[in-house]
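Structural overview for review
What follows is the residue order along each chain.
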Amino acid sequence: MRKPLMTANWKMNKTVSEAVGFANNLKLVLRDAQDVEVVICPTFVALSEVSKILEGSSAKLGAQNVYMQENGAYTGEVSPLMLKELGCKYVIIGHSERREYFKEDNELINAKLKLALKYQLRTILCVGETLAEYQNNQTIDIVKAEIREGLAGVDKEQMGRVTIAYEPIWAIGTGKTATPNDANKVHKIIRKIISDMFDIKTGEKMRIQYGGSVKPDNISALMEQSDIDGALVGGASLSVESFIKIINYGKKD
Ligand code: PEP
C-alpha cells in the first residue's frame, strides 16, 4: 500500500512572516493521524521558522532545491547537510523551472539527488515533457531519459527514499491538466521503467506524484487512478484553504 504524498511547492512565494502565518494556520486544520503524508516546501530563507512551527505536527518540511557539494566555495548554494540540520526531511530535485531557468541537466540533477540521498534526505525527482515534446509524442522518451539519467548510480535501498513527480510542463501553472486517465498511463509506464531498472518490488513501492495545475476540484479524479500516489502542488498550495482541500480529497467536511 503506497501512502499518498501531497507536497506544497511554494516556489519563490511568501516572505518569512507569511510562511509562518501559513504554517500556524495549517497546523490548526491538519488532522493528527493523517492517512496522507504532507510536505511543505518553503523558500530557503523560511525553512528555519517553518521548521519550528511544524515540529510535533504531522506535516514535514522540504526544500525546493539543494546543491551537489557538502560545503565550499559555491556562492549562493545550500548543501544537504544544512537542510538536514534545519529539519528538512524532503527535497525537490530537477523541477522543470530549475531545468529551464537555471539550465540544470540530468547529470547535475543526478549528482544532487545522490548527495541528498547520502544524507538520508527523501528526494522528489521531477520529470515531464514540454508542450512541443508532448505534441511530437515524445513524452515517454523524455521521461525515460530523465529517470534513467536522474537515477543513475542509485541503489535499491536508496530507492526507498525516492519519489517521482510526473509534471507535464505544459500543465504547470497554466490551468491545463492532463486528463486523469492520460496521466495514469504515464505513471504506469514510469512504474515499469523503475521495475526494469531495479525490480518489480521497487517499482510497486515507488510513489509517483502528479503535478500540473492540481486544484481542489480535480484532485479526487486524479487520486482515483491506480498509479497516482499524490500531488506536487504549486499555485493551489499557497492558501491553506485550498491546500487542505487537496490533502483531505474525498473526505466530507
Ligand atoms: C509545481 O510547482 O510543480 C506545479 C505543478 O505548479 P502548479 O500546481 O501551479 O501547476
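Not measured: the values here are computed from a predicted model. (Residues numbered from 1 in each chain as written. Predicted model: local features only at pLDDT ≥ 70, side-chain atom pairs only at ≥ 80, totals over all residues. Heavy atoms only, no water.)

Tallying secondary structure elements over the protein chain gives twelve helices and eight strands in all. Its C-alpha atoms give the protein chain a radius of gyration of 17 Å, within 12% of the compact-globule value 18 Å for 253 residues. A principal-axis box enclosing the C-alpha atoms of the protein chain has dimensions of 50 × 45 × 35 Å. Counting every position in the protein chain, which comprises 253 residues, the buried fraction comes to 52%. If you take every contact in the protein chain between residues at least 6 apart in sequence, the share linking residues at least 24 apart comes to 73%. Summed over all atoms, the accessible surface of the protein chain reaches about 11,900 Å², with 51% contributed by carbon and sulfur. Across the protein chain, 33 positive and 32 negative side-chain charges occur, with their mean positions spaced 4 Å apart. (Helix = DSSP H or I, 4+ residues; strand = E, 2+ residues; numbered from the N terminus. Rg over C-alpha atoms; globule rule 2.2 N^0.38 Å. Buried < 20%, exposed > 50% of the residue type's maximum accessible area, 1.4 Å probe, protein only. Contact = heavy atoms within 4.5 Å. Areas by Shrake-Rupley, 256 points an atom, 1.4 Å probe, with all protein chains shown as cover. Lys, Arg positive; Asp, Glu negative; His and termini not counted. Charge placed at Lys NZ, Arg CZ, Asp CG, Glu CD.)

Another point: the site of the ligand. As a structural note, the neighbourhood of the ligand is formed by 14 residues, with Lys 11, His 95, Glu 167, Gly 173 and Ser 213 the closest of them. Lys 11 is positioned with one of its side-chain polar atoms (N or O) 2.9 Å from an oxygen atom of the ligand. Within the side chain of Glu 167, one N or O atom sits 2.6 Å away from an oxygen atom of the ligand. Relative to its unbound accessible area of 290 Å², the ligand is 97% covered by the protein chains. (Near = heavy atom within 4 Å. Polar contact = N/O pair within 3.5 Å; in protein donor to acceptor, adjacent residues only side chain to side chain.)

Going through the model one piece at a time under the given rule, you end up with four aromatic pairs. Aromatic side chains Tyr 67 and Tyr 74 sit 5.1 Å apart centroid to centroid with 45 degrees between the ring planes, which places their arrangement in the tilted category. For Tyr 67, a relative accessible area of 17% gives the class buried. Tyr 74 sits in the partly exposed class, given a relative accessible area of 34%. Positioned over the ring face of Trp 10 is Lys 14, at 5.3 Å from the centre of the ring. The ring of Phe 102 carries the charged tip of Arg 98 above its face, separated from the ring centre by 4.1 Å. (Phe/Tyr/Trp six-rings, centres within 6.5 Å; stacked < 30°, edge-to-face > 60°. Lys NZ or Arg CZ within 6 Å of the ring centre and 35° of its normal.)

A complete count under the given rule lists 16 salt bridges for this structure. With its nearest N and O atoms 3.0 Å apart, the salt bridge here joins Glu 49 to Lys 52. With Glu 49 and Lys 52 both in helix H2 (residues 47–54) and three residues apart, the pair spans about one turn of that helix. Taking relative accessible area as the criterion, Lys 52 reaches 51% and is therefore assigned exposed. Here Asp 182 ties to Lys 185 by a salt bridge, and the two come within 3.9 Å at their closest N and O atoms. Taken together, the residues Asp 182 and Lys 185, both in helix H9 (residues 180–197) and three residues apart, mark about one turn of the helix. (Salt bridge = Lys/Arg side-chain N within 4 Å of Asp/Glu carboxyl O.)

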